[in-house]
Amino acid sequence: MRKLMAAGVGVLLTLTLAVWVNSGTASATQSSGTTLPAASAAVPVALSGIDLHDGMVLKDGDTYYLYGTRYACGFRWNTATPTNFCGFGVATAPSLAGPWSQITNLFDPNSIDPYNGRTWRDECTRNNNAGCFNPRMVQRSSDGVWILWFNSVADYADGPGRNSYNAMGCAGPAGPCGPGAGAHGSYNKPKIYTCVTNGDFGIFTDGTSAYLICTMTNQTLAMEKLDVWWTNGTGNVAGNGVTNIAGYTASEGPGAYFDSTSGKWVMTLNYDNCGYGSGCGLAYATAPSPLGPWTAPRNWGIAVDSKARATISWNSCGGQPRTVSVVDGVPYQIIDLWVPDANDDSRNQTNAGLLITPLVFRDPPNTPGVPWQPFEELRCYQPGSSATATTR
């Protein structure tokens, strides 16, 4: 099997950071008893000049890892003209505020997709540049192995029952991933039963088990519990698959986390189909357990907006919500700040920015006639607090 190497970028990237600090010192306690900084005291971070998109962030040890899809080699989404797949990259830093390192690829785009024998460059540009997106890195709790999930959209079109997902074992949180990448380097085409689809997705864990939450082809949300290896679904087992979550339609960018203060699982999502959108609504649902039942707060009245009480932000700070990442015990909403390209069609997003902003769930009672704010206001910026840093 061809060895997969992490490919670096041979240029100097300039990264602009806008860091906003809340001076509060409050703390929160998770159900495990570990004292963690409260989300209300966390620091929102805005990044620009780094080619990592629709991804996530995590912390391992003292190092922060930022993952995303790359565009700088020339990928353009959903066009008839052939382009390149640039791969999934990772950068590291000593804090969310950086400085972020040079980007390396998690696997070589020219290596082989074991599922169909194509190169990943071919796989991720076929069907009119359908693309590969949503890199999600998780560490399996049973043995500490790092697993990269992502979707290759064109796989879904290959026939009934197909799904777009891929899972790779990795040498570590910075890769490399896939066959030949050290003792845990591997590839698996997941067996999926509920999330048989090709849309955006997220993966979250309860500390022992992992769950795949997905956007179905009709833009509703579904979920299934993963197997003990975190590389296949178990939606064929009664109770392990959920569909039509909270009644949402036209949804994308789901993510979920456990809120220790309320004791509830919280899901966030882009509540309207909004590819590369510069201002997409962010909404939520809650559940007593990962597999639900998931509910969104009800609204009352005549000819009402059914999402009005479920909306966290109507424009998501001028970007598109992607997923939720929990770092240092704080849930952060990942928001892509998409930009138009030279032709104003937004199909190459090399220069798009990124906002990593904390979520603070207030969990008020949904009572008519009482002021309603389910989350603290999403923090987008604070004038006069920008800083600069460089990735090497």
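Preceding this section is the structure that the text describes.
What counts and how
- Each residue is numbered by its place in its chain's sequence as written, counting from 1.
- In keeping with the model being predicted, local features are shown solely for residues with a pLDDT of at least 70 and side-chain atom pairs are shown and tallied solely at 80 or more, while totals for entire chains, interfaces and linings include all residues.
- Only hydrogens and water are set aside; all other atoms, that is, all heavy atoms of the structure, feed into the side-chain values.
- What counts as a helix is a DSSP run of H or I of at least four residues, what counts as a strand is a run of E of at least two, and both are numbered from the N terminus.
- We call two residues contacting when some pair of their heavy atoms lies within 4.5 Å.
- The rule is simple: take the accessible area with a 1.4 Å probe, protein chains only, and divide by the maximum for that residue type; under 20% is buried, over 50% is exposed, in between is partly exposed.
- Here, any two strands with at least 2 DSSP bridges between them count as paired.
- Only the stretch in contact is used when a helix axis is fitted, and all axes are lines through C-alpha atoms; the angle between N-to-C directions ranges over 0 to 180 degrees.
- Pairing of aromatic side chains requires ring centres within 6.5 Å, counting the rings of Phe and Tyr and the six-membered ring of Trp. Pairs whose planes differ by under 30 degrees are stacked, by over 60 edge-to-face, and all others tilted.
- Note on criteria: charge over ring means Lys NZ or Arg CZ within 6 Å of the ring centre, with the direction from the centre no more than 35 degrees off the ring normal.

Among the structural elements, threonine 286 can be located in strand β19 (residues 282-287). Note: C-alpha distance between threonine 286 and valine 266 (20 residues apart in sequence) is 4.6 Å. Non-local contacts of threonine 286, meaning those with residues more than four positions away in its chain, are made with Lys264, Trp265, Val266, Pro293, Trp294, Thr295 and Phe361.

In this section: the pairing of strand β11 (residues 165-170). Both faces of the sheet carry side chains from a regular strand, because those side chains alternate between them. For β11, the tally of buried residues reaches 6 of 6 residues, placing the bulk of the element in the interior. Residue alternation in β11 divides its side chains into two sets, Tyr165, Ala167 and Gly169 and Asn166, Met168 and Cys170, and both sets are buried. The pairing of β11 with strand β12 (residues 186-188) spans 3 bridges and is antiparallel. Among the inter-strand pairings, methionine 168 is bridged to a residue of β12, identified as tyrosine 187.

Judged by pairing direction, the sheet is antiparallel, and its 4 strands sit side by side in the order β17-β18-β19-β20 without closing on themselves. In the strand order of this sheet, the two ends are held by β17 (252-259) and β20 (311-313), each with one partner. Taken pair by pair, the neighbouring strands of this sheet meet at an average axis angle of 30 degrees, ignoring direction. Where β19 meets β20, 2 bridges bridge the pair, whose relative direction is antiparallel.

Attention shifts here to the packing of aromatic side chains. Here the structure, examined in full by the defined rule, presents 22 aromatic pairs. Centroid distance phenylalanine 204 to tyrosine 211: 5.3 Å. Interplanar angle 20 degrees. Geometry classified as stacked. Assessed through its relative accessible area of 5%, phenylalanine 204 is described here as buried. An aromatic cluster is defined as three or more aromatic residues linked by ring pairs; in this entry it consists of Tyr71, Phe75, Trp77, Phe133, Tyr276 and Trp338. Positioned over the ring face of tyrosine 115 is lysine 189, at 4.8 Å from the centre of the ring.

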